Amino acid sequence: MSSSREVSTMIKQGFISDPSPSSLIHTKPISPNHPSSSPPSPPPFSSSSPQCRPTLFEMMSDEQHRESQQITDLNRQRLNHRLKRVLAKNPNFSGIDEFGGLGFRDGDVKLTVSSRDGFKFNIDVHSRVLTEKSRFFAAKLMRGGAVAQSVEICDCDDAEVYVEVVILMYSDDLKRSLMGEDVLKVLSLLQVSAALMFDAGILSCLEYLQSVPWSDDDEERVISCLSHLQLRCPMTDEVLRRVLPEPSTSTSFTDVFVKLLTSVLRAKDEKSRKEMKGLIFRLLAEDASENRGSSVRLNVPRDTLYHLCHECLSSLILCLSEATCIDETVQDRGAIMGQIAREADNLQWIVDILIKRKMGDEFVKLWADQKELAVLHSKIPTMYRHEISGVTAQLCNAIGRGQILVPRSIRHKLLSTWLEPLYDDFRWMRRASRYIDKSLLEDGLSQTILTLSMPQQQKILLNWFDRFLEKGDDCPNVRRAFEIWWRRAFIRQYDTERDHSEMQITVYDYST
């Protein structure tokens, strides 16, 4: 039944002919004056009889051809209408004839512009205008001392643009003629003006490009176009000055980078500071991804980043020292606590940049050595200090992902110094910080623990086991690390010492 329905549907849609007898009978309406009893005349012969019906492929090809022809005709109509509006502003324009040809009054040369798909324009133009404005037409029309009666430009990529450039040659104010056009259109006009050696058109297009704003896509197109054309025109340099720095006068990247980072770290408005932090980090991340392995990658100064890290650490230690000496009733205590969170946030930002630029190895050792800071950290209320433990979380995540490579001794020292403070702050980190991903932190911490030696793993994980039973969700869950350590210690028990007792060595004496 489904097969019958499919055939019926294809018959209705006209893909196959109806095999029923009724489809082979052609009838015509009976005239009111014709006797109803008269037998119907035989149907006339038709080339569309079942034996001559076109195939499905032929019908589809014909349909595509008709659609293509309709599109071509529609484009021609639109182009004629658009060019008619443009030409109507010129007093020498005589109109569009019934065949779609264009012309200027008293034109003495017939210009034909044809595209590769056969799209063609015939325009009556003035040899005086074309030879004065275009060195290309001057060479084509003035051969042998006489003016040629016709000239043809064949196989144009965009015949419409060639016609519009010819129209521009009649304009008394090219700047005004280009107003309102988009950058892509002007670039097309520039390329054709260059091909036709229309110097005034080239200059006007370049002046336009130098004056208007560009989108990101426009910028790429402008640079590509001008690089391809290689125009020997001072205005070209003026256009490119927007995107090409001048080494002799421009500030170096290092100077700009240091200024921006310093400004962000010292900013007073919190909202603006966070917005600019995100902007700079994103721009550096784009450079790292787009120019990976390229010689044009930005050279972010390592020394500058570590200098800023030391400044943030010094500020943190100073703020923590002041906070431990101030009585809780003093009003300035709140401001100092806010400064602690801010300095910790600044440090996390710099560490993010270090990790992204693959420069974080030295900071792991620097952070692991902060014994004084860790002691002061324990004396401050958790609600003010938990941002500091965010730095430890960053480093563990990076180590767990292989983004930072440091010796085991430094990894162990990092956890020896900062794991307990991380445990103590985890409750506040999980609830107060929007930037801490609990599962990501736990996975990074687990991976870092598992990179240590088996005795070090055992000590840390047994301590975690007791703490987790006591604190529950307020302690990071590194159960996965515990399971892997357990299997390594008691189930798999790898033995790297080989048993050579069964090895046999046979010596042959070939001298006899």
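Please read these numbers as outputs of a predicted model, since none were measured by experiment. (Residues numbered from 1 in each chain as written. Predicted model: local features only at pLDDT ≥ 70, side-chain atom pairs only at ≥ 80, totals over all residues. Heavy atoms only, no water.)

**Quick notes on the pattern of salt bridges**
At step 1: Throughout the structure, instances matching the rule amount to 23 salt bridges.
At step 2: One salt bridge in this structure joins R135 and D199, with 3.0 Å as the shortest N-O distance. Pair noted here: R135 is in helix α4 (residues 135-141) and D199 is in helix α8 (residues 199-211), with a separation of 64 residues, a long-range link.
At step 3: Residue R135 is classed as partly exposed on the basis of its relative accessible area of 48%.
At step 4: Overall, the relative accessible area of 40% leaves D199 in the partly exposed class.
At step 5: Within this structure, E270, R273, K277 and D345 form a network of salt bridges that share partners. (Salt bridge = Lys/Arg side-chain N within 4 Å of Asp/Glu carboxyl O. Helix = DSSP H or I, 4+ residues; strand = E, 2+ residues; numbered from the N terminus. Buried < 20%, exposed > 50% of the residue type's maximum accessible area, 1.4 Å probe, protein only.)

**Regarding the confidence of the model for the protein chain**
At step 1: With 73% of its residues at a pLDDT of 70 or more, the protein chain has an overall mean of 79.
At step 2: Mean pLDDT in the protein chain bottoms out at helix α1 (residues 2-13), which sits at 42, and peaks at helix α15 (residues 361-368), which reaches 96.
At step 3: Segment residues 1-50 is flagged for pLDDT under 50; beyond a separation of four residues in sequence, or across chains, it makes 17 contacts in the model. (pLDDT = per-residue confidence, 0-100. Contact = heavy atoms within 4.5 Å.)

**What about unusual backbone geometry?**
At step 1: Unlike most non-glycine residues, M197 shows phi in positive territory, near 55°.
At step 2: M197 sits in the partly exposed class, given a relative accessible area of 33%.
At step 3: One non-glycine residue, Q230, lies in positive phi territory at about 55°.
At step 4: Structurally, the position occupied by Q230 is in the loop between α9 (216-229) and α10 (234-240).
At step 5: When its relative accessible area of 59% is taken as the criterion, Q230 is described as exposed.

**Section: the side chain of S446**
At step 1: Within the secondary structure layout, S446 lies in helix α19 (residues 438-450).
At step 2: On the accessibility criterion, S446 (2% relative accessible area) is buried.
At step 3: In this view, S446 contacts V478 and A481; residues no more than four positions away in its chain are not counted.

**Observations regarding the packing of helix α7 (residues 183-195) against α8**
At step 1: It is the contact of α7 with α8, at a shortest axis distance of 9 Å, that shows an interaxial angle of 155°. In terms of orientation, α7 lies roughly antiparallel with respect to α8. Viewed along their axes, α7 and α8 form a crossing whose handedness is left-handed. Taken together, the residues of α8 that come into contact with α7 (itself represented by V183, V186, L187, L189, L190, S193 and A194) are G201, I202, C205, L206, Y208 and L209.
At step 2: Of the residues belonging to the contact of α7 with α8, the class tally is eleven nonpolar, two polar and no charged. (Axes fitted to C-alpha atoms, helices over the stretch in contact; angles between N-to-C directions. Parallel < 35°, antiparallel > 145°, perpendicular 65-115°, else oblique. Left-handed = near helix turned anticlockwise from the far one by under 90°. Nonpolar A, V, L, I, M, F, W, Y, C, P; charged D, E, K, R; others polar.)

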